[in-house]
Amino acid sequence: MIFPNLADAKHILNGHYLCNIFLCLLFPLTKGIRGICQYIYPKGAECGFDSREHEILIFLAVVIIWKNRKATNWLHYLANVFLFTKVASTFLFLRADPLIGTIYVLLSVVVTVLFPEPAYKGPERVVYFQGDALIKELESPRKTYWIIQFYTTWSPECRHVAPVFSELSEKFTLPNLKFGKLDIGKFPKEAERFRINTHPTSRQLPTMSVFGPDGVEKRRRPLINKNGRAIPFVFSLENCIFEFDLNNLYQICKTNLRSKVAAEVESKEEKKDI
């Protein structure tokens, strides 16, 4: 997990994160504080956590740690914490009192509807392709490397990778090294063309590929094994730079760019001499 600095921490100062933090803390606050517990729960209910509740909370902590091995950034980490904590809280509230549990479920639904997870709106240097525009660009004679993210708007994993892809585009974009996105949920024919499964349970969302100047795919993550299943890949900034060899690719494109400029200058000088 990458911990946020003070500048990044401002992202949680909105309804989505504040309400979800409240929902995650609601059970410990209502059950652990005697004054609140006696007022909310039925008479005779035991305040504090019993042995079963301790076991559930410990199991919750283990699940969160296990699932967050694949978190791409701290916002992704928080999203996993919110999800599994609310599931555990629902079970704990229903166990303590069915009416309170039902109210908690309804409150969680209202928060989800009114305060959805905000989309990434930071700086980026990304070209958004529509329909078959990507394949036409790859088949064009331009000598450009393209790094493409195939995504869907409804996939949580795609949303969490968006900041990483944007940061990569800001860091590595050159005139002959560009970054692009294609919404294969909106254009299913393109998903078939590029062999990406868009089923809600698919582990191919998102998929990131590098295409060379010849339009041929050079690298792809996640990879597909012999059984046709996607091999899990963590789209962290460091993993993407390493797996796609972006540092070397950037230097190659930079050298090619200088050679092209030098060749153009030399050509202009020859014409002047003539």
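Residues numbered from 1 in each chain as written. Predicted model: local features only at pLDDT ≥ 70, side-chain atom pairs only at ≥ 80, totals over all residues. Heavy atoms only, no water.

Named according to an unreviewed UniProt entry, the protein chain is Thioredoxin domain-containing protein originating from Steinernema glaseri.

**Q** Can you lay out the overall build of the protein chain for me, pointing to particular residues and giving the numbers?
**A** From N to C terminus, the protein chain includes 11 helices and 5 strands. In terms of its C-alpha atoms, the protein chain occupies a principal-axis envelope of roughly 100 × 40 × 30 Å. A buried classification covers 41% of the 274 residues belonging to the protein chain. In the structure as shown, the protein chain presents an accessible area of about 16,600 Å², 60% of it carried by carbon and sulfur atoms. Put simply, the protein chain has 36 plus and 27 minus side-chain charges, and the middle of one group is 3 Å from the middle of the other. (Helix = DSSP H or I, 4+ residues; strand = E, 2+ residues; numbered from the N terminus. Buried < 20%, exposed > 50% of the residue type's maximum accessible area, 1.4 Å probe, protein only. Areas by Shrake-Rupley, 256 points an atom, 1.4 Å probe, with all protein chains shown as cover. Lys, Arg positive; Asp, Glu negative; His and termini not counted. Charge placed at Lys NZ, Arg CZ, Asp CG, Glu CD.)

**Q** Lay out helix α2 (residues 15–32) with the relevant residues and their values.
**A** If you check α2, its first and last C-alpha atoms are 25 Å apart, about what 18 residues at 1.5 Å a residue would give, namely 26 Å. At Leu25, α2 shows its maximal bend, which comes to roughly 45 degrees, and the proline Pro28 appears one to four places after that position. Those residues of α2 lying buried are His16, Tyr17, Asn20, Leu23, Cys24, Leu26, Phe27, Thr30 and Lys31. Next to the buried residues of α2 lie α3 (34–40), α4 (51–67), α5 (74–96) and α6 (98–114). The opening residue of α2 is Asn14, an N-cap whose side-chain oxygen sits 3.1 Å from the backbone nitrogen of His16. (Expected span 1.5 Å × (residues − 1). Bend = angle between axes of the 7 residues up to and from the residue. Contact = heavy atoms within 4.5 Å. Polar contact = N/O pair within 3.5 Å; in protein donor to acceptor, adjacent residues only side chain to side chain.)

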